[in-house]
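# Coordinate analysis (summary)
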Amino acid sequence: MVKLNRLVILYIVSAIFLNGLWAQQSSFCEIDNLYKTSVIDSPKMDVENVQFFPEGKVLNIRTVIHVLYNTPSANFRDEQILELVDEINAIFQGEVDSTFVNPVHLPLIHDSKIKFCLANIDPDGEPTTGITHKSVNEDRYFPHVIGGEIISPEAVKMDLLQGTSPWDVSRYFNVWIAPMVSEEVALNYGTPFSDYFPLGNYAVAAIPGAVIDTKTITEEDLFNSASSIFAHEYGHAFGLMHTFGPLPEIGINFCDTDDFMEDTPNCRIHAYCLGDELYELLVNACIDSITGGLPDNASNIMGYACQQMFTPDQTKTMRANLALNKDLVMDESECGEITSINNLDNNQQIEIYPNPSTGTFYINFLNENSSDANLSLFSMDGKLIASERLATDIFIPYQWNLKNENTGLYFMMIEVEDQVIIEKIVLR
């Protein structure tokens, strides 16, 4: 007989609750089921020895995304992943659709100054795109049965259990995309370091990072985009709780506690967006003294409905937590766009694709001023490998064959008039 441990029982109870509440919603966050059974009343962050980042500094997070697939369609192309990364970064930079935000909360939309950059060097010192791909035989990673006992979803993070073990979690923010539960329901969750406030005080110890169900990308959620669901789980991984706090199943009512952010009102779970016929513009499920009785922010990234925005306190909290793991932050010079469309001055634009490539790159160059472009390829140690001159005034893909060069990471320099762009390209 398969035994159910207490964590799994809590998962099943919560899943039943969530499915009953949102029969129309296909994507769920698993973090509620990773809470400790004993909840700390007032978690506090130990800031005595923390050296905080300057407020305006952009934190470039060294990121690796592990794609685990059991069908060809689930082996997402690097270009798809890169588009998602761009969309996630836009959310963290406060670029949201304000039409889905209650006007009361519009002033709280905040740029976190956090940017996710795919790693360019792996733990062995080898060039990388920051995206790994692994074919697996697993139909799903949870429930995972070993010795007759169901274990947590963490199997996806372990080579021994047919998952992918993380890169050094102190230096890389690990993200797993994998088939997690079923064809009907997507299961996603983010896990913080144990010292991250406030969620680290609550969550069961596990490997830090974010897990995203394949279904989150392959099928559109009724209310949230894939990128907003990624951002939600990244928020958990950086210490944020749901705006409605833990689920009632562990003995806490929604209005008794929340996420310990002063600018997010105590609230209930919302399953609909602003503009939906079910939405009451000024719904206020909980009256609390901290926010003065503000209406629920149903469009907060850390809610379940129209995930759109982070608040200043949420931003401050994530940045404070990241100050505890500064090796996750890359230098600005390391953080570039792997696939690029660059807008230059004077109506000039350059596009490089595919990237990575097995040897042939295509370069689109639009220049209404008919200026020539000089292309140069450098190795990582600064050695000039090849150079070309490109002259065109319309979008005509220029083919640059580099199949005779060694695989690895290179730098492509594009010079147009007095402007210079340097892009990373990867030969496989």
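Residues numbered from 1 in each chain as written. Predicted model: local features only at pLDDT ≥ 70, side-chain atom pairs only at ≥ 80, totals over all residues. Heavy atoms only, no water.

## Quick word on the layout of surface pockets
Keep this limit in mind: Space inside and on the surface of the protein is sampled on a 1 Å grid over the protein atoms alone, with a cavity defined as a set of points where a 1.4 Å probe fits but cannot get out and a pocket as an open set with protein on both sides within 12 Å along at least 5 of 7 lines; lining residues have an atom within 4 Å of a point. Grid points are joined across faces, edges and corners, and a volume is the space filled by probe spheres set on the points. A run of H or I in DSSP becomes a helix once it reaches four residues, and a run of E becomes a strand once it reaches two; helices and strands are each numbered from the N terminus. Three classes are used, and their members are as follows: Ala, Val, Leu, Ile, Met, Phe, Trp, Tyr, Cys and Pro are nonpolar, Asp, Glu, Lys and Arg are charged, and the others, Gly among them, are polar.
Taken as a whole, the second largest pocket holds about 290 Å³ of empty space. Here the element with the most residues in the lining of the second largest pocket is helix α3 (residues 214-218); it accounts for three residues. Residues that form the lining of the second largest pocket fall into these classes: four nonpolar, six polar and six charged.

## Describing helix α5 (residues 312-322)
Filter applied, for reference: Whether a residue is buried, partly exposed or exposed follows from its accessible area with a 1.4 Å probe, protein chains only, as a fraction of its type maximum: under 20%, in between, or over 50%, in that order. Should any heavy atoms of two residues lie within 4.5 Å, those residues are considered in contact.
Along α5, eight of the eleven residues are buried, which leaves the element largely enclosed by surrounding structure. By the burial criterion, the buried members of α5 are Q314, T315, T317, M318, R319, A320, N321 and L322. Contacts from the buried residues of α5 go to β2 (59-69), α2 (78-92), β3 (114-118) and α4 (226-237).

## Observations regarding the packing of α2 against α4
This is how the line gets drawn: A fitted line through C-alpha atoms represents every axis, and for helices the fit uses only the stretch in contact; the resulting angles, taken between N-to-C directions, go from 0 to 180 degrees. Throughout this description, any angle smaller than 35 degrees is read as roughly parallel, any larger than 145 degrees as roughly antiparallel, any in the 65 to 115 degree range as roughly perpendicular, and the remainder as oblique. Note on convention: the crossing is left-handed when the near helix lies turned anticlockwise from the far helix by less than a right angle, right-handed when the turn is clockwise.
Where α2 meets α4, the closest approach of the two axes is 9 Å, and the angle between their N-to-C directions is 60°. By the angle between their directions, the pair α2 and α4 is classed as oblique. You can see that α2 and α4 cross each other, and the crossing is right-handed. Only A226, S227, S228, F230, A231 and Y234 of α4 make contact with α2, whose side of the interface consists of L84, E87, I88, I91 and F92.

## Digging into unusual backbone geometry
A cis amide bond links F197 to the next residue, P198, at an omega of -10°. Positive phi values are uncommon outside glycine, yet Q162 reaches one of about 70°. Residue placement: Q162 occurs in the loop between β6 (149-151) and β7 (173-178). Accessibility expressed as a relative area gives 42% for Q162, which makes it partly exposed. One non-glycine residue, F260, adopts positive backbone phi at about 65°. Among the structural elements, F260 can be located in the loop between α4 and α5. When its relative accessible area of 24% is taken as the criterion, F260 is described as partly exposed.

## A short note on the pattern of salt bridges
The test is simple: The working definition used for a salt bridge is a side-chain nitrogen of Lys or Arg within 4 Å of a carboxyl oxygen of Asp or Glu.
The final tally for this structure, using the stated rule, is four salt bridges. A salt bridge links K113 to D111; the nearest nitrogen and oxygen atoms lie 3.5 Å apart. You can call K113 partly exposed: its relative accessible area is 31%. E219 is the partner of K215 in a salt bridge, and the nearest nitrogen-oxygen pair spans 2.5 Å. Owing to a relative accessible area of 40%, E219 belongs among the partly exposed residues under this scheme.

## Description of the confidence of the model for the protein chain
Put simply, the rule reads: A residue's pLDDT is simply how confident the predictor is in it, with values from 0 to 100.
The pLDDT averaged across the protein chain works out to 76; a share of 69% of its residues lies at or above 70. Considering each helix and strand of the protein chain separately, the mean pLDDT is smallest for helix α1 (residues 6-21), with a value of 33, and largest for β7, with 97. Residue range residues 1-25 is modelled with pLDDT below 50. Its contacts to residues more than four positions away, or to other chains, number 50 contacts. Low pLDDT (under 50) marks residues 276-281, which in the prediction has eleven contacts with non-local residues, meaning those over four places away or in another chain.

## Examining the sheet that holds strand β15 (residues 384-390)
Here is the rule we go by: When DSSP finds two or more bridges between two strands, those strands count as paired.
Taken in spatial order, the four strands make up an open sheet running β15-β14-β17-β18, and their pairing is antiparallel. On the outer flanks of this sheet lie β15 and β18 (419-427), each paired with one strand and no other. Within this sheet the neighbouring strands show an average axis-to-axis angle of 20°, counted without direction. Examined bridge by bridge, strand β14 (residues 373-378) and strand β17 (residues 408-416) share six bridges and lie antiparallel to one another. Paired with S376 across the bridge in β17 is M413.

## Quick notes on the packing of aromatic side chains
The condition that has to hold: Classification of ring pairs uses Phe, Tyr and Trp, with its six-membered ring standing for Trp, and accepts pairs whose centres are within 6.5 Å; under 30 degrees between planes counts as stacked, over 60 as edge-to-face, and the remaining range as tilted. Throughout this description, the term charge over a ring refers to an Arg CZ or Lys NZ atom that lies within 6 Å of the ring centre and within 35 degrees of the ring normal.
In the structure shown here, the tally under the stated rule is eleven aromatic pairs. Centre to centre, the rings of F173 and F238 are 5.1 Å apart; their planes meet at 45°, and the pair counts as tilted. Taken together, the positions of F173 in strand β7 and F238 in the loop between α4 and α5 put the pair 65 residues apart, joining distant regions of the chain. Residue F173 is classed as buried on the basis of its relative accessible area, which comes to 4%. Residues F244 and Y304 carry aromatic rings whose centres are separated by 5.2 Å and whose planes lie at 70° to one another, so their mutual orientation is edge-to-face. A residue pair is termed long-range when its members are at least 10 positions apart, and F244 in the loop between α4 and α5 and Y304 in the loop between α4 and α5 qualify at 60 residues. Both residues of the pair, F244 and Y304, count as buried. These aromatic residues form a ring-pair network of at least three members: F92, F116, F173, F230, Y234, F238 and F310. One Lys or Arg, R62, reaches over the ring of Y172 and ends 5.9 Å from the middle of that ring. Taking the ring centre of F53 as reference, the NZ or CZ of K326 above it sits at 5.1 Å.

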